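Here is what each chain is made of, one letter per residue.
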Amino acid sequence: MRETSNIESPVNAASLGVRRSAFGVWRFLWRTLDFIVAGIFVYAGALKVLDPVQFAHDIKNFQILPWPISVALAFYQPWLEIFCGVGLVFRFFYRGALCILSALIVVFTLAIIAAKVRGLDITCGCFGHASQHWSFPAHLATNVAILALLALLFKAGEQRRRTD
Amino acid sequence: MKLSLTRQALVLAALSLFPAMGEAIYFRGKISWRSPIPPSEMVSVDQARALGGNVIWVDARPDEEFARDHVPGALSLNEDRWNELLPQFLAAWSPGKKVVVYCSAESCDLAREAAERLRKEAQVPDVFVLEGGWEAWLKKNR
Amino acid sequence: MKTQILAFILSIAVCFGARAELKFDKTEIELHPKPDDKQAVGHFTYQNTGKTPVKFKSVKASCGCTAAQTQKDEVPAGEKGEVTATFNIGDRTGTQVKTVTVETDDPANPHTVLTLRTIIPQLLEVSPTFVFWKQGEKADPKAITVKVGKEFTVKHIKVTSSAPDYQTKVEETGKGEFKIDVQPKDTNTANGTTLTIQSEDSPKVFYATARVTGAPPAPMVPAPAGQPAPVPPADQKAPVAKTAPTGQTH
């Protein structure tokens, strides 16, 4: 009769333990990234929720959208950022939140580039009026960095889904 | 039940609508959906009249339109000759006076632009734009 | 019978084929005039890609500051042309967006809106352009900041006052900024001056106004509803300096 030992061999237990702690470290790192990215968007959204009038004017200054759409977006977008940020923290609709935030960042970046190419002197409005003195390279670098973080989180999320 | 990515995004987008609508209702007095001019910076013809004699009327239309007809006592201040006309306006202004700027109609941008320049560049307080412009004035006065 | 049906179908096909179609190469043009330019001109080129001529019904600009004209009233099939929009810069600043609406008898595109975006370079930005003292107020100096536009380099500015009752002092505060301190001799009488600000290299002139304002008007009883409000005082003209202007260079 074949017997199956219900006690793991010492060598397997050690390697399993190392793998588990490595996995735990990675998980901790990913969760930290989740919180950082979520924090950025919740903070940015909160600043704009407090002053939607100024945000509407900041959107209007890009001279892309008509005024009524700028106003609608000024009210809606900050809450979208906040909900998506909270989604990242509490892991509800995680992938959907990542997707929306990535789309937002891509749109912001394109708008900033378009404004720069057109020679418009604008305040990004990304962080409410807190970012009004940022230069174009600073805006661009921040957006690219956030997009990179979102891409990392998306990839990590996909890998976790496959292993789960 | 796990939702697909699209459905997750749609649910988040839908959830965000509710607080957004609430905020839009809360801020309805501070922002106009029709025009970038805040409600606090626009006056109707009746409101402008109620300001009494403390008002300086400013006509932001081009010279020819001003010469044809204008609000009695109004000063011409258009962007074609801003530097030439501004000193005349500033000579008439004193602290405590209200300024009402108008152009041809609601759709005309000249009054809003002139009012913004007076507020930002000259830092003149109490500058308002006449709702409906010269057309609205004519309806009430002729 | 068959010949008649064929002829009918062919005539309809010919009608569909024989369309007018006016196509603009660009419907939005961005202009970057120089600081001394008085006008900015945009050329909107088009071509009639259809098979019948196109007639212009009207070409209207959104404001009196922009003149728009076509080279011809009718564009034959296959021909090219342009709508020229001339924007009078005047004393405008910043980004100016003006539109020209073109109406034609082209059923595919009866209305076309052409947008002229003019970025007016600001050599100097004066802020504020108006400083004042109330009559009787202490005649302390008030500051006017002059910022040089990002794309320009200005080392010196010259400030001239139209009235000798006002003293000006100019200092460079660094990072392309200057500070002008204006001070009246006294604030006993209402008077004013126009400060002319000019950079060393450019003939373009910028202005600021300093005034001692008259006493605030006494509060007036608002007009009863339905009656016209009292008329404001008659137009006043800015005081003209009788003596030679005093100038200061920095």
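Colleague: Talk me through the overall build of chain C; I want residue IDs and the actual numbers.
Modeller: When helices and strands are tallied, chain C shows one helix and 18 strands. A total of 250 residues make up chain C; the buried ones form 27% of that total. Long-range contacts, defined as pairs at least 24 residues apart, comprise 66% of the intrachain contacts of chain C with a sequence gap of at least 6.

Colleague: Can you lay out the overall build of chain A for me, pointing to particular residues and giving the numbers?
Modeller: Per the secondary structure count, chain A includes five helices and one strand. Along the chain direction, N to C, the helices and strands of chain A fall in the order α-α-α-α-β-α. When contacts within chain A are restricted to residue pairs at least 6 apart in sequence, those whose partners lie at least 24 apart make up 70%.

Colleague: Go over the interface of chain A and chain B, please, and point to the residues and values.
Modeller: Every contact between the two is made by 22 residues of chain A and, on the other side, 19 residues of chain B. The element best represented in the side of chain A that touches chain B is helix α3 (residues 67–90) of chain A, accounting for 10 residues. Within the side of chain A that touches chain B, the residues separate by chemical class into 17 nonpolar, three polar and two charged.

Colleague: So what's going on with the nonpolar core? Which residues, and what values?
Modeller: Val 58, Val 100, Val 101, Ala 111 and Leu 130 of chain B are the most contacted members of the largest nonpolar core, which has 78 residues in total. If sequence neighbours within four positions are ignored, Val 58 of chain B has contacts with Ala 74, Leu 75, Leu 77, Phe 89, Val 99, Val 100, Val 101 and Ala 114 of chain B. Core analysis: the next-biggest nonpolar cluster, separate from the first, contains 36 residues, Ala 38, Ile 59 and Leu 98 of chain A together with Ala 20 of chain B among them.

Colleague: Which residues make up the sheet that holds strand β5 (residues 66–70) of chain C, and what values go with them?
Modeller: Residues and elements named next belong to chain C. Strand order in the open sheet made by the four strands is β1-β3-β7-β5, with antiparallel pairing throughout. Edge positions in the sheet fall to β1 (22–24) and β5, since each of these pairs with one other strand and no more. Averaged over neighbouring strand pairs, the angle between their axes works out to 25° when direction is ignored. Two elements, β1 and strand β3 (residues 39–48), share three bridges in a ladder whose sense is antiparallel. Bridging across to β3, Lys 23 finds its partner in Gln 47.

Colleague: Can you lay out helix α1 (residues 5–26) of chain B for me, pointing to particular residues and giving the numbers?
Modeller: Its 22 residues place the ends of α1 of chain B 32 Å apart at the C-alpha level, agreeing with the 32 Å of an ideal helix rising 1.5 Å per residue. Looking only at α1 of chain B, the buried set comprises Gln 8, Ala 9, Leu 12, Ser 16 and Ala 20 of chain B. Buried positions along α1 of chain B lie against α3 and α4 (94–117) of chain A.

Colleague: Before we move on, could you go through the confidence of the model for chain C and cite the residues and values that matter?
Modeller: Residues and elements named next belong to chain C. Looking at chain C as a whole, its pLDDT mean stands at 81, while 78% of the residues score no less than 70. Mean pLDDT values for the elements of chain C range from 46 in strand β18 (residues 246–249) up to 96 in strand β15 (residues 177–184). Here residues 220–250 scores under 50 on pLDDT; set against residues more than four positions off or in separate chains, the count is 64 contacts. Listed scores for the predicted complex are pTM 0.61 and ipTM 0.77.

Colleague: How would you explain the pairing of strand β17 (residues 205–213) of chain C if you had to name every residue and give the values?
Modeller: Residues and elements named next belong to chain C. Within β17, seven of the nine residues are buried, which leaves the element mostly enclosed by the surrounding structure. Pairing of strand β11 (residues 130–134) with β17, which is carried by five bridges, proceeds in the parallel orientation. The partner of Lys 134 across the bridge, within β17, is Thr 213. Sheet topology note: the strand β16 (residues 191–199)/β17 ladder contains eight bridges and is antiparallel. In the strand pairing of β17, Thr 196 is matched with Tyr 207.

Colleague: Describe the packing of α3 of chain A against α1 of chain B, with residues and values.
Modeller: Where α3 of chain A contacts α1 of chain B, the axes come no closer than 8 Å and their chain directions differ by 135°. Relative to α1 of chain B, α3 of chain A is oriented oblique. Of the two possible hands of crossing, α3 of chain A and α1 of chain B adopt the one that is right-handed. Within the contact between the two elements, α3 of chain A uses Phe 75, Tyr 76, Trp 79, Leu 80, Phe 83, Cys 84 and Gly 87 of chain A and α1 of chain B uses Leu 12, Ala 13, Leu 15, Ser 16, Leu 17, Pro 19, Ala 20, Glu 23 and Ala 24 of chain B.

Colleague: Lay out unusual backbone geometry with the relevant residues and their values.
Modeller: Of note, the bond from Ser 127 of chain C into Pro 128 of chain C is cis; its omega dihedral lies within 30 degrees of zero at -10°. By secondary structure assignment, the location of Pro 128 of chain C is in the loop between β10 (124–127) and β11. Unlike most non-glycine residues, Phe 93 of chain A shows phi in positive territory, near 50°. Structurally, the position occupied by Phe 93 of chain A is in the loop between α3 and α4. Take Phe 93 of chain A: there are 24 C-beta atoms within 10 Å of it, and that puts it in the buried class. Of note, Gln 123 of chain B is a non-glycine position whose phi angle comes to about 55°, a positive value. By the element assignment, Gln 123 of chain B lies in the loop between α5 (110–120) and β5 (127–130).

Parameters at a glance
- As a convention, each chain's residues are numbered from 1 in the sequence order in which they are written.
- Here chains are named by letter from A upward and ligands by number from 1 upward, in the order in which they appear as written.
- Residue-level local features of this predicted model are given only where pLDDT is at least 70; pairs of side-chain atoms are given and counted only at 80 or more, and the full residue set underlies all totals for whole chains, interfaces and linings.
- Secondary structure elements follow DSSP: runs of H or I no shorter than four residues count as helices, runs of E no shorter than two count as strands, and numbering proceeds from the N terminus.
- Whether a residue is buried, exposed or partly exposed is read from the other C-beta atoms within 10 Å of its own C-beta, which are placed from the backbone; 20 or more gives buried, 12 or fewer gives exposed, and intermediate counts give partly exposed.
- Whether two residues are in contact is decided by their C-beta atoms, placed from the backbone, lying within 7 Å.
- Classification used: nonpolar for Ala, Val, Leu, Ile, Met, Phe, Trp, Tyr, Cys and Pro, charged for Asp, Glu, Lys and Arg, polar for all others including Gly.
- Core membership is restricted to buried Ala, Val, Leu, Ile, Met, Phe, Trp, Tyr and Cys residues, and these are joined into a nonpolar core through C-beta atoms within 7 Å.
- Strands qualify as paired when DSSP identifies two bridges or more between them.
- A fitted line through C-alpha atoms represents every axis, and for helices the fit uses only the stretch in contact; the resulting angles, taken between N-to-C directions, go from 0 to 180 degrees.
- Take the residue count of a helix, subtract one, and multiply by 1.5 Å to get its expected span.
- Within a predicted model, pLDDT stands for the predictor's per-residue confidence, ranging from 0 to 100.
- Working definition: roughly parallel below 35 degrees, roughly antiparallel above 145 degrees, roughly perpendicular at 65 to 115 degrees, and oblique for all remaining angles.
- Crossing handedness is defined as follows: a turn of the near helix away from the far one that is anticlockwise and smaller than a right angle gives a left-handed crossing, while the clockwise case is right-handed.

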